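Take a look at the letters that make up each chain.
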Amino acid sequence: MKMPIVILMVVGLLAATGVALLFAYAPFFNTKTKAPIDQATIVVASQTLSARTVVTDKMIQTRTVPTAAMPKDSLRDPVQLIGRVLLVSMEPGQAFTSAAFAPEGSGAQMAAALPQGKRAMSFPVVGSSGLRGLLYPGSVVDVLASMSYDGSGDAMSVTLLEGIEVLAVEAKTVYASDETPETKKAAGPTLDRMTVTVLVDGEQAQRLQLAMKHGTLSLALRNPLDDRNPGAKPTHLMAMLGRNEPAVKPAPTPPPAPVIVAAKPAPVPPAWETTVIRGTDVQKISFPVKPSQEPATNDEKDDSDAP
């Protein structure tokens with residue numbers, strides 16, 4: 001082989017090796033690399049939502065956007081939205097923010113979360129200092145009513161409602177995660193009286209209202225897993241003291257209804273009746289008969305005809 005050809009082959013091999021090394025180490029010499037774009041994940045509406053809607057998992061979806069384009073106070077965790085009540089309407093793709101929801105524990109959130117056919121009703125509980133600290137939102141209670149009878153000296157206590165869920169104790173509700181300084185301030189000082197909000201239906205709400213008007217209400221805490229409703233009979237004060245007096249005086253027996261006797265119709269006085277014919281006009285005329293002029297009966301006529 002000729003020497004020039006060998007030299008060319010060696011030079012070509014060296015050149016190829018240099019090019020390969022240049023491409024391999026080129027990134028280390030590139031000082032103008034681009035910085036990665038800062039991105040964040042936000043939660044947006046997957047459909048059109050109206051105000052006062054309770055958000056479910058089917059109404060939301062996540063989306064990744066540049067941090068610079070992320071709306072202020074955007075919510076980034078879907079768990080923060082489930083079960084909350086919207087104050088404004090939302091369009092598909094619109095980001096959820098803190099201002100779009102009712103505050104936790106507010107009346108709007110509680111009203112929207114009530115089951116169909118249920119009502120939230122509040123009433124004062126007297127003598128409740130023993131339950132303060134034990135009663136909590138979400139607990140299950142029995143509602144007892146105590147009433148007295150005017151003038152009889154007797155009183156009665158009855159289990160009015162059984163297995164009722166407590167929604168709120170003072171300003172703390174089942175929809176507030178923790179008691180804040182604001183709720184503590186709204187609750188007021190600790191007294192032997194507190195306001196409790198329970199979950200009832202329409203008929204139970206009427207019974208509560210009637211018992212509040214004519215007596216006092218108290219609560220008995222029960223096991224949430226105890227679904228038995230024995231239906232205890234009312235307890236009367238007189239019976240508890242061993243007296244045999246009736247709890248309620250019997251109502252007086254009403255007098256018998258008067259017997260109405262139909263009056264006999266007045267006798268029709270006797271009268272003479274004659275027919276007056278004037279051409280084609282026929283008219284009957286009656287004349288009252290005096291006692292001395294009464295027409296004779298058939299027997300009287302027969303006697304007058306006798307010789």
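Residues numbered from 1 in each chain as written. Predicted model: local features only at pLDDT ≥ 70, side-chain atom pairs only at ≥ 80, totals over all residues. Heavy atoms only, no water.

Each helix and strand in the protein was counted, giving seven helices and 11 strands. Nonlocal contacts in the protein, meaning residues at least 24 apart in sequence, comprise 66% of its contacts between residues at least 6 apart. Working note: accessible area of the protein is about 22200 Å², and carbon and sulfur atoms make up 59% of it. (Helix = DSSP H or I, 4+ residues; strand = E, 2+ residues; numbered from the N terminus. Contact = heavy atoms within 4.5 Å. Areas by Shrake-Rupley, 256 points an atom, 1.4 Å probe, with all protein chains shown as cover.)

An ideal rise of 1.5 Å per residue puts 18 Å on 13 residues; helix H5 (residues 202–214) measures up with 19 Å between its terminal C-alpha atoms. Between the side-chain oxygen of the N-cap and the backbone nitrogen of Glu203 there are 3.3 Å, and the N-cap of H5 in question is Asp201. (Expected span 1.5 Å × (residues − 1). Polar contact = N/O pair within 3.5 Å; in protein donor to acceptor, adjacent residues only side chain to side chain.)

What the rule picks out here adds up to one aromatic pair. A centroid spacing of 5.8 Å and a plane angle of 25° characterise the contact between Phe96 and Phe101, whose relative ring orientation is stacked. Residues Phe96 and Phe101 agree in their burial class; the two are buried. (Phe/Tyr/Trp six-rings, centres within 6.5 Å; stacked < 30°, edge-to-face > 60°. Buried < 20%, exposed > 50% of the residue type's maximum accessible area, 1.4 Å probe, protein only.)

The next thing to look at is the pattern of salt bridges. If you walk through the whole model with that rule in mind, you get two salt bridges. One salt bridge connects Arg222 with Asp142, and the closest N-O pair in it is separated by 2.7 Å. Taken together, the residues Arg222 in strand E8 (residues 216–222) and Asp142 in strand E4 (residues 140–148) connect sequence positions 80 residues apart. Its relative accessible area of 11% is what places Arg222 among the buried residues. Linking Arg222 and Asp226 is a salt bridge whose minimum nitrogen-to-oxygen distance equals 3.7 Å. With relative accessibility at 26%, the residue Asp226 sits in the partly exposed group. What emerges from the salt-bridge pattern is a single network uniting Asp142, Arg222 and Asp226. (Salt bridge = Lys/Arg side-chain N within 4 Å of Asp/Glu carboxyl O.)

This part is about the nonpolar core. By size, the foremost hydrophobic cluster in this structure holds 24 residues, and its most contacted members are Leu135, Leu208 and Leu219. Within the residue set of this core, elements represented by two or more residues are strand E3 (119–126), E4, strand E5 (155–169), strand E7 (193–200), H5 and E8. Examining the composition of this core, we find that seven residues originate from one element, E5, more than from any other. In this structure Leu208 touches Met121, Phe123, Val143, Leu160, Leu161, Val198, Val200 and Leu217, once residues within four positions along its chain are discounted. (Core = buried A, V, L, I, M, F, W, Y, C linked by side-chain atoms within 4.5 Å.)

Side chains of Leu134, Tyr136 and Leu221 sit close together on the surface and give an oily, nonpolar patch of about 290 Å² of accessible area. Its place among the elements puts Leu134 in the loop between E3 and E4. (Patch = residues over 30% accessible without salt bridge, like charges linked within 9 Å, V, L, I, M, F, W, Y side chains within 5 Å.)

Along the chain, Thr197 falls in strand E7. Beyond its immediate stretch of four places on either side in the chain, Thr197 contacts Ala120, Met121, Ser122, Glu165, Val166, Leu167 and Ala168.

Let us look at the side chain of Gln204. Topologically, Gln204 is positioned in helix H5. On the accessibility criterion, Gln204 (18% relative accessible area) is buried. Those residues within four positions of Gln204 in sequence are excluded, and the remaining contacts are Leu161 and Ile164.

Looking at the secondary structure, you find Glu170 in the loop between E5 and strand E6 (172–173). Classification of Glu170 by relative accessible area gives partly exposed; the value is 25%.

Before going further, it helps to spend a moment on the environment of Phe101. Relative to the helices and strands, Phe101 resides in the loop between strand E2 (60–66) and helix H3 (107–113). Through-space distance from the C-alpha of Phe101 to that of Ala51 is 9.3 Å; in sequence the pair is 50 residues apart. Setting aside chain neighbours within four positions, we find Phe101 in contact with Val55, Leu75, Leu81, Arg84, Val85, Leu86, Leu87 and Phe96.

Once that is clear, we can look at the pairing of strand E1 (residues 39–45). For E1, a buried count of five out of seven residues is recorded, marking the element as mostly surrounded by other parts of the structure. In the sheet, E1 pairs with E2 via seven bridges, with the strands oriented antiparallel. Residue pairing for E2: Thr41 is matched across the bridge by Thr64. (Pairing = 2+ DSSP bridges.)

Mean pLDDT over the protein works out to 75, with 68% of the residues at or above the 70 mark. Per-element mean pLDDT across the protein ranges from 49 in helix H7 (residues 298–305) up to 91 in H5. (pLDDT = per-residue confidence, 0-100.)

The next point concerns the environment of Lys284. Among the structural elements, Lys284 can be located in strand E11 (residues 281–288). Given the relative accessible area of 61%, Lys284 is considered exposed. With 10 residues separating them in the primary sequence, Lys284 and Thr274 have C-alpha atoms 5.7 Å apart. Sequence-distant contacts of Lys284, defined by excluding residues within four places in its chain, comprise Glu273, Thr274 and Thr275.

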